Amino acid sequence: MEVKSGVAYTGVVGVLRGGRPGKVIALRADMDALPVTEQLNLPFASKVRTSYNGQEVGVMHACGHDNHVAILMGVAEILAGMKEQLPGTVKFIFQPAEEGPPSGEEGGAELMIKQGAFENPKPDAVFGLHVMGIAGNVGQLTYRSGGTMASADLLRITIKGKQTHGAIPWGGVDPIVVASQIVLGLQTIASRQLDITRAPSVITIGSIHGGVRNNIIPDEVQMEGTVRTFSPEVQDEMHRRIRLTAESIAQSAGATATVQITRQLPITFNNPTLTEQMLPTLQRVAGAANVSVQPPVTGAEDFSFFAQKAPGLFIFLGSNKTGVDATTAPVNHSPLYEVDEGVLPLGVRALANLALDYLSQK
Ligand SMILES: [Zn+2]
Ligand SMILES: [Zn+2]
């Protein structure tokens, strides 16, 4: 295999050229951990500590990406062993920083693409998977056609009022009251304005900052939030209505609202034709009874950048131990998230067979 390391800092790309001509398939595994202090009592539980955003934290594979690396290494070993019979080329993409690069830096799938990971040769399709508590128990596999994981947009709103005494609000413009109205107004976009039967959406305001003292109405309030959607049309409409809502409410009070929306991650879109084409493979490797349709996942994935470059299919492996209730088990990113390692052979079978079946199809 031709191996290139140091792609997007610590990423690795392997190219396995088969002995027979054919298409090019990319398989992607993300490999980063999270600033979470592991609370599992496992012999191999992480003891690593580091500092993150100025805080002393543990380092844990709380999203299960270590499983993805192990699975893709297994697939690489199997496919390398049958290199001569392989009809086409398999590209193995080990990607850092899926959870996002350090602030102010580039990284992840976007940077790997920028540094040529999707060129020479250019993949005709890309597959990826994620171990996931909400996808069920070990042995179960879920998939979804079309919008599968949400887009994630960073929302920043700055409300400018006019500072005054807390006892004399008419002497200024209170940005805290305006901010409160905007928070509530934004919630009516998803619940009252958009057609919820087309695609779900979420707006969350996660931080509000304004003021320093109980009896001073401040000049300014800053809010941050996240916006999640499953269709590009809804995403654009959502952005338009967020601006309209925030700016109009502010204007009605004599304040101003400056709205900044940054597109962080695109919708993870599973190509419907590719999904339909590969479904029999998933049913064969997991058993048809263990394969089901995944409800939309409001989390986001930077696999979406690869799936914008080639038709993509991203599947989920149930990761809870047999008998554990998936609706109450600790989820990905929890310090108690635990993966049943029975997902490893299923993951290897799934990715290896997706690659082989895709390359073998006419
Ligand atoms: Zn994660
Ligand atoms: Zn993840």
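Residues numbered from 1 in each chain as written. Chains lettered and ligands numbered in written order. Predicted model: local features only at pLDDT ≥ 70, side-chain atom pairs only at ≥ 80, totals over all residues. Heavy atoms only, no water.

K.L.:
Lay out the domain arrangement of the chain with the relevant residues and their values.
P.N.:
Structurally, the chain comprises domain 1 (2-149 + 267-360) and domain 2 (151-265). If you average the C-alpha positions of domain 1 and of domain 2, the two centres end up 35 Å apart. Contacts between the two partners involve twelve residues from domain 1, matched on the other side by twelve residues from domain 2. Both sides together, the interface formed by domain 1 and domain 2 hides about 840 Å², and carbon and sulfur atoms give 75% of it. Broken down residue by residue, the surface that domain 1 buries against domain 2 is led by I267, T298 and A300, which jointly contribute 60%. The interface formed by domain 1 and domain 2 holds zero salt bridges in total. (Domains from an automatic or database assignment. Contact = heavy atoms within 4.5 Å. Buried area = accessible area lost by both parts, 1.4 Å probe. Salt bridge = Lys/Arg side-chain N within 4 Å of Asp/Glu carboxyl O.)

K.L.:
Residue-level account of the nonpolar core, with values.
P.N.:
Core analysis: the biggest nonpolar cluster contains 42 residues, and I25, L27, V75, F92, F127, I315 and L351 have the highest contact counts within it. Of all elements in the fold, only β3 (20-30), α1 (65-81), β6 (87-95), β7 (125-137), β8 (141-143), α5 (272-286), β18 (312-320) and α7 (343-360) reach the threshold of two or more residues within this core. Of the residues forming this core, the biggest block, eleven residues, is contributed by α7. Residue contacts for I25: discarding those within four places in its chain leaves T89, V90, K91, A125, V126, F127, A355, Y358 and L359. By size, the runner-up hydrophobic cluster in this structure holds 28 residues, among which are I189, L194, V234 and A257. (Core = buried A, V, L, I, M, F, W, Y, C linked by side-chain atoms within 4.5 Å. Buried < 20%, exposed > 50% of the residue type's maximum accessible area, 1.4 Å probe, protein only. Helix = DSSP H or I, 4+ residues; strand = E, 2+ residues; numbered from the N terminus.)

K.L.:
I'd like to hear about the packing of aromatic side chains, residue by residue, with values.
P.N.:
The description of two aromatic rings rests on the distance between their centres and on the angle between their planes. Under the counting rule described, the total for this entry stands at four aromatic pairs. Aromatic side chains F127 and Y358 sit 6.1 Å apart centroid to centroid with 80 degrees between the ring planes, which places their arrangement in the edge-to-face category. Remark: Y358 occurs in helix α7 and F127 occurs in strand β7; sequence separation between them is 231 residues. The same class applies to F127 and to Y358, which are both buried. Clustering of aromatic rings is evident, with ring pairs tying together F303, F314 and F316. (Phe/Tyr/Trp six-rings, centres within 6.5 Å; stacked < 30°, edge-to-face > 60°.)

K.L.:
Before we move on, could you go through α7 and cite the residues and values that matter?
P.N.:
Structurally, the α-helix is built with 3.6 residues per turn, so residues lying three or four positions apart point the same way. Helix length check: α7, at 18 residues, gives a terminal C-alpha distance of 25 Å against a target of 26 Å (1.5 Å per residue), a fit within 8%. Burial runs high along α7: 14 of the 18 residues are buried. (Expected span 1.5 Å × (residues − 1).)

K.L.:
Lay out the sheet that holds strand β15 (residues 256-265) with the relevant residues and their values.
P.N.:
Read from one edge to the other, the open sheet built from four strands follows the order β12-β14-β10-β15, with strand pairing classed as antiparallel. Two strands in the sheet have a free side with no partner beyond their single neighbour: β12 (201-210) and β15. Strand-to-strand twist of the sheet, defined as the mean angle between neighbouring strand axes without regard to direction, takes the value 20 degrees. Relative to the sheet, helix α3 (residues 175-193) contacts β10 (151-160), β12, β14 (220-229) and β15, its axis offset from that of β12 by approximately 170 degrees. Helix α4 (residues 232-252) contacts β10, β12, β14 and β15 of the sheet and is inclined by roughly 160 degrees relative to β15. (Pairing = 2+ DSSP bridges. Axes fitted to C-alpha atoms, helices over the stretch in contact; angles between N-to-C directions.)

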